[in-house]
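Working through the structure, step by step
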Amino acid sequence: MKDDVMKTPIPVSLPPLATGLIAVAACAIFGWLFLLAESEVAVLGLVLLAVLAGWGAQKTGLSATLGTAMHQHSGAMNGAIVASLLAVIALLGTEHFPLLMLSTMLLYLVAALGLNVQFGLTGMVNFAGAAFFGIGAYTSAVLTTHTAVPPLLILLAGGLIAALIGALLIVPVVRTAGHYSAVVTIAFGVLFKTFLEVNEVLGGPQGLMVGSMNVFGWDFNNGPVLMGHEMSFYVNYALLSSGLAILAFALTRRLERSWLGLALDSVRLDETASACFGINVVRAKVLAFTYGNILAGIAGALYGMMISFIAPNSFTFSDSLLMVSIVLLGGLGSLWGSALAAVIVVLVPEKLQILQEYRFLLFSVLVIAMLLFRPQGLLPRGVRSYFPGGRAQR
Amino acid sequence: MTRTASRRTVLAAALTAALSISLTTPALAKETVKLGFIGPLTGGVSNMGLGGRNSAELAVDLRNKDENAKYAYELVPLDDECKPNVGVQVATKLATNRDVAGAVTHYCSAVAMGTVDIYHKFNLPIIVWGAVLPDITYGNEYAEVHRVNGTMINQNEVAADFMVAQGYKSWAIIHDTTDYGKGHNTYFTKFLTEKGGKILGTFGVTSDQQDFTAELTKIKELNPDVVYFAGLTPLAVRIRQQMDKLGIEAEFQGVSGMKSDAYFAGLSGDLAEGTVTFLEGAPAAKLPGGAYFMSEYDKAGFGENYEAYGPFAFAAMNLLIDAVEKVGPDRKAVTKYLADVKDHESITGPISFDDHGQNTVALITKYVAQDGKWVVWEDSEYASGKRQLKHK
């Protein structure tokens, strides 16, 4: 899903920044069309177009140009991406369903960024992503129904409680290595769902209602009125989840580029060697694990408010697998990859509803094909740049 | 065959197919009305969802063949995976699609609980075809929400009526402490007291309890006519065994959750014999329009069975289509029409909605254990007088 305007080799005269901006605009238009696409022909056509454009961008060297643009003009490019995201939300305006999907995508992205720090940077696979997401959602369910805590704080509380419950797992996860710690998280994910199902106070298998988001008296479940037009109430959630996603993205990017990120990378590559060079392996792992859980918890808290009804069935092991697959599909450690993969993993099964019971069959085929042809992920993480923005040349 | 030749054949086939499709569209175009269906088409209970989907599709197809129908109908089937979050997504999708006039939705109760708010918000009239939790219709004041199948409320009303009619006077109640067991206890107690039955004691047990000696010893002392158990098969098996061990001679009465063949697999000898239980719905063959439904379903050649709730999906879709035929594809008008449904004929028997949109004459079937099988009461040797239920 890179660009659909350029099929021929790019004219050399265009500077990287201009190419980048055009590509961002093209992606935004594509995303807008795809969110609105309803019929089989439109959906399949757009998917085909995206695949072709991606392939073409690779062949013509466009992706390299884009990489340069992102590298040299990160401010302008990031600004353009944020602006186009807002533009898409504004364009969708009254369309409830596409906005719901967009917000879902953004919240899954936040959770996936957290998992990326755990899995992609530090090398700890967390198969309980949906459980931490669920902890956030249940926190917001309990706090919105039983207390008068301001909903914005509830988001933080969701992250905090996810981190606290995650702290219970720290000892087994840190003391075990590789596959064994993955098994610990699987066990936790299953345990979490069973616990909810037998727990009467938390609604049991039937689930719980969640109150709506409310910022200083602005109820998110009422559509904002803009110039006499009533917008969809999902506009509120889309804006807030964009904010969260941008914040989480920026924070994760900083973490990745910092010395801490370097430590996490080295722990992934070789624990023993890192320990020999004086890196505190336990601290690095605890940091990554907690950071990821906080992000998943915050995203889950807002997701619960948006969906307004949650049950243990929404946070099963297979949902955790879906989150891990976002990280894998995008490319380990690649933040933009996660963003792209979140779009695919959330949106494609939904767009395939037209196939009814066969939709997961086709979805699985797509995933397998992608892993076959691009095992390194859609947007593999580049080599760590120690001097972001090319400042080294100064 | 050479490569070009085969390609030409494919092209010809495609053209023929396209031509035949364009030819079969009716010459006189009616206005098309879209109707939704939501159920679990993938996942653990997909057999139920697919059976429901096929039945709803059958209702639509049959009506489209009817030349007197005012509109052409198009089914929009969506998959909720039996997950509330996915359910909310697809419900939003359906409810915000202005071409959809109404929908037949949900097999899973948790999903239905999550989506009723959305239907209300967007004024989409829906008829639940499978979810059984009473709160779906009774937990809100939404005019849009209706249900054709029965709930545990209807089940217990029938159960209380039936047992009192058999001449029983006193009960002891054991229920598991899930929503399911507690709900059954509440409604059975309510209806039984209304009909004049006496409850000597009520005992809550956890849903994985192994030993019931404490509760049963107390029950032996109370000496009721009937032990009523609200819960699932595994517990029912243990309780029935331990009742025998302690020499409790009371009749054993259960709820829908233990009407499974595992009940007989778990019990030795003739311990199961004479146990009675109740189930929402009925075997398709026993339904008023069952023979018609089954023959049409067979003719349509679906790959999957219609399962227990297929006939309800069929009846719900038919009712929705009748509503559209009468008042046109307008959501508010359809909701208004559905509010006044009284004795509407359907293959599951007459449908009447109360002020919460719940079908009040929902079908409940009584079963009795006879020779290691669940037999519909009316067909059993107990009803014919050949055998006797336990009376002490």
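Remember, it's a predicted structure, so these values are computed and weren't measured experimentally. (Residues numbered from 1 in each chain as written. Chains lettered and ligands numbered in written order. Predicted model: local features only at pLDDT ≥ 70, side-chain atom pairs only at ≥ 80, totals over all residues. Heavy atoms only, no water.)

A word on the nonpolar core
As a rule of thumb, nonpolar side chains are buried together in soluble globular proteins. Rules: What is meant by a nonpolar core is a set of buried Ala, Val, Leu, Ile, Met, Phe, Trp, Tyr and Cys residues, joined one to another through side-chain atoms within 4.5 Å. Residue burial is assigned from relative accessible area. The probe radius is 1.4 Å, only protein chains are included, and a residue is buried under 20% of its type maximum, exposed over 50%, and partly exposed in between. Segments assigned H or I by DSSP are reported as helices when at least four residues long, segments assigned E as strands when at least two residues long, and all are numbered from the N terminus. Only heavy atoms matter for contacts: two residues are in contact if any of them lie within 4.5 Å across the pair.
Core analysis: the largest hydrophobic core is formed by 133 residues, its most contacted members being A:Phe132, A:Leu155, A:Met213, A:Tyr237 and B:Ile136. With 18 residues, helix α5 (residues 96-121) of chain A is the largest single contributor of residues to this core. The contacts of A:Tyr237, once residues within four sequence positions are left out, are A:Ser103, A:Ser212, A:Met213, A:Phe220, A:Asn221, A:Leu302, A:Met305 and A:Met306. Grouped together as the second largest cluster of nonpolar side chains are 45 residues, B:Ala56, B:Val60, B:Trp129 and B:Ile321 included.

Overview of the pairing of strand β11 (residues 364-370) of chain B
Residue and element names in this part refer to chain B. As a reminder of what qualifies: Strand pairing requires that DSSP identify at least two bridges connecting the strands.
Counting buried residues along β11, seven of its seven residues qualify, which places the element largely inside the surrounding structure. Of the two faces of β11, the one lined by Ile-364, Lys-366, Val-368 and Gln-370 and the one lined by Thr-365, Tyr-367 and Ala-369 are each fully buried. As judged from the five bridges shared by strand β10 (residues 276-280) and β11, these two strands associate in the antiparallel manner. Bridged to Val-276 within β11 is Val-368. With four bridges joining them, β11 and strand β12 (residues 373-376) adopt antiparallel strand pairing. Counterpart to Gln-370 in the pairing with β12 is Lys-373.

Looking at the environment of A:Gly159
Residue and element names in this part refer to chain A. By secondary structure assignment, the location of Gly-159 is in helix α7 (residues 151-175). Taking the C-alpha atoms as reference points, Gly-159 and Phe-132, separated by 27 residues in sequence, lie 8.6 Å from one another. With sequence-adjacent residues up to four places away left out, Gly-159 is seen in contact with Asn-293, Ile-294, Gly-297 and Ile-298.

Looking at the domain arrangement of chain B
Residue and element names in this part refer to chain B. Short version of the rule: Domain segmentation is taken from an automatic or database assignment of domains. Here's the idea: put two parts together, see how much 1.4 Å probe accessible area each one loses, and the total over both is what we call buried area.
On domain assignment, one finds that chain B holds domain 1 (32-150 + 285-361) and domain 2 (153-280 + 365-379). A straight line from the C-alpha centre of domain 1 to that of domain 2 covers 32 Å. At the junction of the two partners, domain 1 supplies eight residues and domain 2 supplies six residues. Here domain 1 meets domain 2 over a buried area of about 590 Å², counting both sides, of which 59% is carbon and sulfur. Summed over the three residues of domain 1 that lose the most area to domain 2, namely Pro-134, Gly-150 and Lys-286, the buried surface amounts to 56% of that side.

Digging into the packing of α5(A) against helix α3 (residues 84-95) of chain B
Basically, it comes down to this: Axes here refer to lines fitted to C-alpha atoms; in helices the fit is confined to the stretch in contact. Angles between the N-to-C directions go from 0 to 180 degrees. Convention used here: angles under 35 degrees read as roughly parallel, angles over 145 as roughly antiparallel, angles from 65 to 115 as roughly perpendicular, and any remaining angle as oblique.
The N-to-C vectors of α5(A) and α3(B) enclose an angle of 155 degrees; their axes lie 8 Å apart at closest approach. Viewed along their axes, α5(A) and α3(B) adopt a mutual orientation that is roughly antiparallel. Contacts between α5(A) and α3(B) involve A:His96, A:Phe97, A:Leu100, A:Met101 and A:Thr104 on the former and, on the latter, B:Val88, B:Gln89, B:Thr92 and B:Lys93.

Remarks on a nonpolar patch on the surface
Inclusion rule: Residues with no salt bridge and a relative accessible area higher than 30% make up the patches, which join like charges within 9 Å and nonpolar side chains (Val, Leu, Ile, Met, Phe, Trp, Tyr) within 5 Å. To be clear on the numbers: accessible area is Shrake-Rupley with a 1.4 Å probe, and residue cover counts the displayed protein chains and nothing else. The salt bridge definition used is simple: a Lys or Arg side-chain nitrogen within 4 Å of an Asp or Glu carboxyl oxygen.
Residues A:Ile354, A:Leu355, A:Tyr358, A:Leu361, A:Leu362, A:Val365 and A:Leu366 make up a contiguous nonpolar surface patch of roughly 600 Å² in combined accessible area. Secondary-structure assignment places A:Val365 in helix α15 (residues 359-373).

Comments concerning the interface of chain B and chain A
One widely used convention gives an interface's size as the accessible area the parts lose upon coming together. To keep it simple, the criterion reads: Throughout this description, a polar contact denotes any pair of N or O atoms lying within 3.5 Å of each other; where both atoms belong to protein, one of them has to be capable of donating a hydrogen while the other can accept it, and for residues adjacent in sequence the pair is counted only when both atoms sit in side chains. Ten residue types, Ala, Val, Leu, Ile, Met, Phe, Trp, Tyr, Cys and Pro, are classed as nonpolar, four, Asp, Glu, Lys and Arg, as charged, and the remainder, Gly among them, as polar.
Chain B puts 31 residues into the contact, and the matching count from chain A is 29 residues. Summed over both sides, the interface of chain B with chain A buries roughly 2,600 Å², with 52% coming from carbon and sulfur. It is B:Asn85, B:Gln89 and B:Lys93 in chain B that bury the most area against chain A; as a group they hold 23% of the surface buried on that side. Across the pair B:Lys93 and A:Glu350 runs a salt bridge, and its minimum N-O distance is 3.2 Å. At the boundary of chain B with chain A, the tally comes to five residue pairs in polar contact (both at pLDDT 80 or more). The set of elements that each furnish at least two residues to the side of chain B that touches chain A consists of α2 (46-65), β2 (72-79), α3, α4 (109-121) and α7 (179-194) of chain B. For the side of chain B that touches chain A, the element with the most residues is α3(B), which contributes seven residues. Class assignment for the residues of the side of chain B that touches chain A results in 12 nonpolar, nine polar and 10 charged.

Some details on the side chain of B:Asn156
Residues and elements named next belong to chain B. With respect to the helices and strands, the residue Asn-156 is situated in helix α6 (residues 152-165). Reaching out from Asn-156, the side chain makes a polar contact with the backbone oxygen of Met-152 at a distance of 2.8 Å. Contact partners of Asn-156, with chain neighbours within four places excluded, come to His-184, Tyr-187, Phe-188, Phe-191 and Tyr-228.

Examining the pattern of salt bridges
Residues and elements named next belong to chain A. Under the criterion given, the structure shown has 18 salt bridges over all chains. Of the charged contacts in the structure, one is a salt bridge between Glu-256 and Arg-381, with a shortest N-O distance of 3.1 Å. In this pair, Glu-256 sits in helix α9 (residues 234-257) while Arg-381 sits in the segment after α15, placing the two residues 125 residues apart along the sequence. Residue Arg-381 is classed as partly exposed on the basis of its relative accessible area of 23%. Measuring nitrogen to oxygen at the nearest pair gives 3.0 Å for the salt bridge that ties Lys-285 to Glu-271. Of this pair, Lys-285 sits in helix α12 (residues 281-307) while Glu-271 sits in helix α11 (residues 271-276); the two residues are 14 residues apart in sequence, bridging distant segments of the chain. What you see here is one network of salt bridges that share partners, running through Arg-253, Glu-256, Asp-265, Arg-268 and Arg-381.

Here's the deal with the sheet that holds strand β3 (residues 100-105) of chain B
Residue and element names in this part refer to chain B. The strand order across the open sheet built from five strands is β2-β1-β3-β4-β5, with neighbouring strands paired in parallel fashion. Single-partner strands in this sheet number two, and they are β2 and β5 (145-147). This sheet shows a mean twist of 25 degrees between the axes of neighbouring strands, independent of strand direction. Lying over the sheet, α3 contacts β1 (32-39), β2 and β3, oriented at roughly 155 degrees with respect to β2. Relative to the sheet, helix α13 (residues 331-339) contacts β3, β4 (126-128) and β5, its axis offset from that of β5 by approximately 45 degrees.

Brief notes about the packing of aromatic side chains
Note the following rule: What counts as a ring pair is set by centres within 6.5 Å for rings of Phe, Tyr and Trp (its six-membered ring), and what kind of pair is set by the plane angle: stacked under 30 degrees, edge-to-face over 60, tilted for all other angles. Charge-over-ring placement is defined geometrically: NZ (Lys) or CZ (Arg) within 6 Å of the ring centre, and within 35 degrees of the ring normal.
What the rule picks out here adds up to 30 aromatic pairs over all chains. Seen in terms of ring centroids, A:Phe30 and A:Phe34 are 5.9 Å apart; in terms of plane orientation they differ by 10 degrees. Their pairing is stacked. Within this pair, A:Phe30 and its partner A:Phe34 are both found in helix α1 (residues 16-36), separated by four residues, close to a single helical turn. Both residues of the pair, A:Phe30 and A:Phe34, belong to the buried class. These aromatic residues form a ring-pair network of at least three members: A:Tyr108, A:Phe133, A:Tyr138, A:Tyr303 and A:Phe315. Of note, B:Lys121 hangs over the ring of A:Phe233, and the distance from its end group to the ring centre comes to 3.8 Å. Above the plane of the ring of B:Tyr367 lies B:Lys259, whose end atom (NZ or CZ) is 4.8 Å from the centre.

Side note on the domain arrangement of chain A
Residues and elements named next belong to chain A. Domain boundaries assigned for chain A yield domain 1 (1-92) and domain 2 (96-218 + 227-353). Spacing between the C-alpha centres of domain 1 and domain 2 amounts to 27 Å. The interface of domain 1 with domain 2 comprises 15 residues on the first partner and 15 residues on the second. For the pair domain 1 and domain 2, the summed buried area comes to about 1,400 Å², and 85% of that belongs to carbon and sulfur atoms. The interface formed by domain 1 and domain 2 includes zero salt bridges. Across the contact surface, domain 1 and domain 2 share three residue pairs in polar contact (both at pLDDT 80 or more). Considering every element that reaches the side of domain 1 that touches domain 2, the biggest residue donor is helix α4 (residues 74-92), with eight residues. Considering only residue class, the side of domain 1 that touches domain 2 consists of 14 nonpolar, one polar and no charged.

Quick look at α6(B)
All names here are of chain B. So the rule is basically this: To estimate the expected span of a helix, subtract one from its residue number and multiply by 1.5 Å.
Counted at 1.5 Å a residue, the expected span for α6 with its 14 residues is 20 Å, and the 20 Å between its end C-alpha atoms agrees. Every buried residue of α6 is accounted for by Met-152, Ile-153, Asn-154, Gln-155, Asn-156, Ala-159, Ala-160, Phe-162 and Met-163. Put simply, Thr-151 is the residue that caps the front of α6, since its side-chain oxygen is 3.0 Å from the backbone nitrogen of Ile-153. Where α6 ends, the next residue or the one after it, Gly-167, has phi of about 95 degrees, a positive value.

A short note on unusual backbone geometry
All names here are of chain A. Of note, Ser-308 is a non-glycine position whose phi angle comes to about 70 degrees, a positive value. Note that Ser-308 resides in the loop between α12 and β6 (309-310). Given a relative accessible area of 16%, Ser-308 falls into the buried group.

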